[in-house]
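# Results of the structural survey
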Amino acid sequence: MKRHKTIVPLSHDHYDGLLLAQSVKKNFIKTKLGLSSIEDKVKFVINAYNTELIPHFNHEEVILFPLALGKDEELDDMINEILDEHDKIHKAVSRISEGNLEQNLDEFGLLLESHIRKEERILFPKIEEILGDELDILDGQIIAVKDSCGI
Ligand SMILES: [Fe+2]
Ligand SMILES: [Fe+2]
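The paragraphs below set out a description of the structure included in this document.

Moving on: the overall build of the protein chain. Each helix and strand in the protein chain was counted, giving five helices and zero strands. For the protein chain, the α and β elements follow one another from N to C terminus as α-α-α-α-α. Seen through its principal axes, the protein chain has C-alpha atoms that stretch 45 × 30 × 25 Å. Scored against the burial criterion, the 151 residues of the protein chain give a buried share of 45%. In the protein chain, the proportion of contacts linking residues at least 24 apart, taken out of those at least 6 apart, comes to 76%. Computed over 18 positive and 30 negative side-chain charges, the inter-centroid distance for the protein chain is 7 Å.

Quick look at the structure:
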């Protein structure tokens with residue numbers, strides 16, 4: 001199913017997020033980010049977290065989810081699960097600064113990857129199904145993170 005145009009920017013962010021997740025996992029497939037040392041990975045994650053993940057989560061939590069909540073019980077449960085995962089991702093990033101880098105980067109990568117896949121494959125289609133044209137109301141409100149900060 002084609003993404004509704006008002007949430008396409010979130011899917012653009014997801015593409016970058018998947019690249020990040022895959023690049024920091026332990027058995028990582030070489031991606032075009034080309035991060036080779038653990039130190040490079042840590043630096044990249046902390047920077048992407050502050051400049052991309054936090055604003056992206058905000059777009060979801062402040063703009064999209066409030067519109068989607070309270071319309072369908074199954075969708076409400078999904079959103080609560082997703083919010084819980086945002087929390088787990090925040091915690092995984094703070095653990096990276098505490099050491100045990102390879103293991104913590106791996107856990108962060110796995111969490112972020114499965115989170116993004118869940119949003120793309122399950123949550124967003126459900127939001128589109130339940131909200132339909134109501135999503136038009138978000139026109140122009142969500143801008144892809146990299147577009148909005150000029151990276
Ligand atoms: Fe999310
Ligand atoms: Fe997302």
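Interhelical geometry of helix α1 (residues 8-24) versus helix α4 (residues 101-131) gives an angle of 150° and a closest axis separation of 8 Å. As judged from the angle between their axes, α1 and α4 are roughly antiparallel. Relative to α4, the crossing made by α1 is left-handed. On the side of α1, the interface is formed by L10, S11, H14, G17, L18, L20, A21, Q22 and V24, while α4 contributes L105, D106, F108, G109, L112, E113, I116, R117, E119, E120 and F124. A breakdown of the residues in the contact of α1 with α4 according to their chemical character gives 10 nonpolar, five polar and five charged.

The phi angle of most residues is negative, glycine excepted, and most peptide bonds adopt the trans form. Residue N100 is not a glycine yet carries a positive backbone phi of 50°. In this fold, N100 is placed in the loop between α3 (73-96) and α4. By relative accessible area, which is 56% here, N100 ends up exposed.

As a further point, take the coordination of the iron ion (ligand 1). Listed as protein donors to the iron ion (ligand 1) are E60 (OE), H86 (NE2), H115 (NE2) and E119 (OE); their distances from the metal cover 2.1 to 2.2 Å. Each of the four donor atoms bound to the iron ion (ligand 1) contributes to angles spanning 85 to 178°, and the resulting shape is irregular. All donors to the iron ion (ligand 1) come from one chain, and their sequence spacing reads E-x25-H-x28-H-x3-E. A distance of 3.2 Å spans the gap from the iron ion (ligand 1) to the iron ion (ligand 2), which E60 bridges by coordinating each metal. Separated by 26 residues along the polypeptide, E60 in helix α2 (residues 38-68) and H86 in helix α3 bring together distant segments of the chain. Residue classification places H86 among the buried positions, given a relative accessible area of 1%.

Cut-off values and rules
- Residues numbered from 1 in each chain as written.
- Chains lettered and ligands numbered in written order.
- Predicted model: local features only at pLDDT ≥ 70, side-chain atom pairs only at ≥ 80, totals over all residues.
- Heavy atoms only, no water.
- Helix = DSSP H or I, 4+ residues; strand = E, 2+ residues; numbered from the N terminus.
- Buried < 20%, exposed > 50% of the residue type's maximum accessible area, 1.4 Å probe, protein only.
- Contact = heavy atoms within 4.5 Å.
- Lys, Arg positive; Asp, Glu negative; His and termini not counted.
- Charge placed at Lys NZ, Arg CZ, Asp CG, Glu CD.
- Axes fitted to C-alpha atoms, helices over the stretch in contact; angles between N-to-C directions.
- Parallel < 35°, antiparallel > 145°, perpendicular 65-115°, else oblique.
- Left-handed = near helix turned anticlockwise from the far one by under 90°.
- Nonpolar A, V, L, I, M, F, W, Y, C, P; charged D, E, K, R; others polar.
- Donors = N, O, S within 2.8 Å, 3.2 Å for Na, K, Ca; no water.
- Tetrahedral: all angles 85-135°; square planar, octahedral: opposite > 155°, others 65-115°.

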